[in-house]
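Overview (structure and organization)
This is what each chain is made of:
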Amino acid sequence: MTPRASSSPAELRIDIRSPAEVAWVQRQVRDYAAGCGLAPALQWALAIAASEAATNILKFAGSGTLALRVLGGTPRWVELEARDRGPGIPDPDAALEDGVSEGALRAAELRPDRRRGLGLGLGAIRRLTDRVEIRPNPGGGTILLARKQV
């Protein structure tokens, strides 16, 4: 099955529903970033951030959407938006730190065999992009906004 994506000159939108789509997301995001004028290293940074966001959507919510858009002005930005209807993130600031997964430090009491993540994905997104914001999705879930300067 081919993943669903729609785009306009200003936006790329991808439905995330299966693990097979994560590699496809990377390619689509790299192509989009190249079309926006990002240098190859920045294209890869944005593509890896998008694949981390897609992986988190699948692990914690089961499905969701990714959208990329160019924000005008000076400077210009490429914005990655990841949106899901999962359980939400109890402490968004802490979640951006390495080792925090499902609201707890990886070393905390939660048994490793019951963890769905290592607590590295959101920290990687923070390092790979220039700005990150996490907020609740109205009606449940999470919205992640990450921006890379063009």
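Everything here concerns the structure above.
The following refers to the structure shown. (Residues numbered from 1 in each chain as written. Predicted model: local features only at pLDDT ≥ 70, side-chain atom pairs only at ≥ 80, totals over all residues. Heavy atoms only, no water.)

1. Quick look at the overall build of the protein chain
If you tally the helices and strands in the protein chain, you get four helices and eight strands. Counting helices and strands in the order they occur from the N terminus, the protein chain gives β-β-α-α-β-β-α-β-β-α-β-β. Relative to its full complement of 150 residues, the protein chain shows a buried share of 42%. Considering only residue pairs separated by 6 or more positions, the protein chain has 53% of its internal contacts joining residues 24 or more positions apart. Summed over its atoms, the accessible surface of the protein chain is roughly 7900 Å², and 53% of this surface lies on carbon and sulfur atoms. (Helix = DSSP H or I, 4+ residues; strand = E, 2+ residues; numbered from the N terminus. Buried < 20%, exposed > 50% of the residue type's maximum accessible area, 1.4 Å probe, protein only. Contact = heavy atoms within 4.5 Å. Areas by Shrake-Rupley, 256 points an atom, 1.4 Å probe, with all protein chains shown as cover.)

2. What about unusual backbone geometry?
Cis geometry is found at the peptide bond from Thr74 to Pro75, where omega equals 0°. Along the chain, Pro75 turns up in the loop between strand E3 (64-71) and strand E4 (77-84).

3. Quick word on helix H2 (residues 40-60)
With 21 residues, H2 ought to run about 30 Å at 1.5 Å a step, and its terminal C-alpha atoms sit 30 Å apart, in line with that. For H2, the full list of buried residues reads Gln43, Ala45, Leu46, Ala47, Ala49, Ala50, Ser51, Ala53, Ala54, Asn56, Ile57 and Leu58. Along its buried surface, H2 packs onto strand E2 (11-16), helix H1 (21-35), E3, E4, helix H4 (121-128) and strand E8 (142-149). Directly after H2, the chain includes Gly62, whose backbone phi takes a positive value near 90°. (Expected span 1.5 Å × (residues − 1).)

4. So, the nonpolar core
If you look at the biggest cluster of nonpolar residues, it comprises 30 residues, and the most contacted ones within it are Ile16, Leu66, Leu68 and Leu80. Elements with a minimum of two residues in this core: E2, H1, H2, E3, E4, H4 and E8. Ranked by residue count, the leading element in this core is H2, at eight residues. Once residues within four sequence positions are removed from consideration, Leu68 is found in contact with Ala10, Glu11, Leu12, Val29, Tyr32, Leu46, Val78, Glu79 and Leu80. (Core = buried A, V, L, I, M, F, W, Y, C linked by side-chain atoms within 4.5 Å.)

5. Some words on the environment of Glu79
As for its position among the elements, Glu79 is in strand E4. Contact partners of Glu79, with chain neighbours within four places excluded, come to Ala67, Leu68, Arg69, Leu71, Leu145, Ala146 and Arg147. Among the polar contacts made by the side chain of Glu79, one reaches the side chain of Arg147 at a distance of 3.1 Å. (Polar contact = N/O pair within 3.5 Å; in protein donor to acceptor, adjacent residues only side chain to side chain.)

6. Here we look at the pattern of salt bridges
Tallying each qualifying case throughout the model produces 10 salt bridges. Across the salt bridge formed by Asp15 and Arg17, the nearest N and O atoms sit 3.2 Å from each other. One network of salt bridges, in which partners are shared, links Glu11, Arg13, Arg69, Glu79, Glu81, Arg83 and Arg147. (Salt bridge = Lys/Arg side-chain N within 4 Å of Asp/Glu carboxyl O.)

7. Overview of the packing of H2 against H4
Here H2 crosses H4 at 155°, and the two axes come no closer than 9 Å. Here H2 is positioned roughly antiparallel relative to H4, judged by the angle of their axes. In the crossing of H2 with H4, the sense of the turn from one axis to the other is left-handed. On the side of H2, the interface is formed by Ala45, Ile48, Ala49, Glu52, Ala53 and Asn56, while H4 contributes Gly121, Leu122, Ile125 and Leu128. Within the contact of H2 with H4, the residues separate by chemical class into seven nonpolar, two polar and one charged. (Axes fitted to C-alpha atoms, helices over the stretch in contact; angles between N-to-C directions. Parallel < 35°, antiparallel > 145°, perpendicular 65-115°, else oblique. Left-handed = near helix turned anticlockwise from the far one by under 90°. Nonpolar A, V, L, I, M, F, W, Y, C, P; charged D, E, K, R; others polar.)

8. Re the side chain of Arg69
Along the chain, the position of Arg69 falls in strand E3. A polar contact is formed between the side chain of Arg69 and the side chain of Glu11, at a distance of 3.3 Å. Apart from the residues lying within four places of it in its own chain, the contact partners of Arg69 are Ala10, Glu11, Arg13, Tyr32, Trp77, Val78, Glu79 and Glu81.

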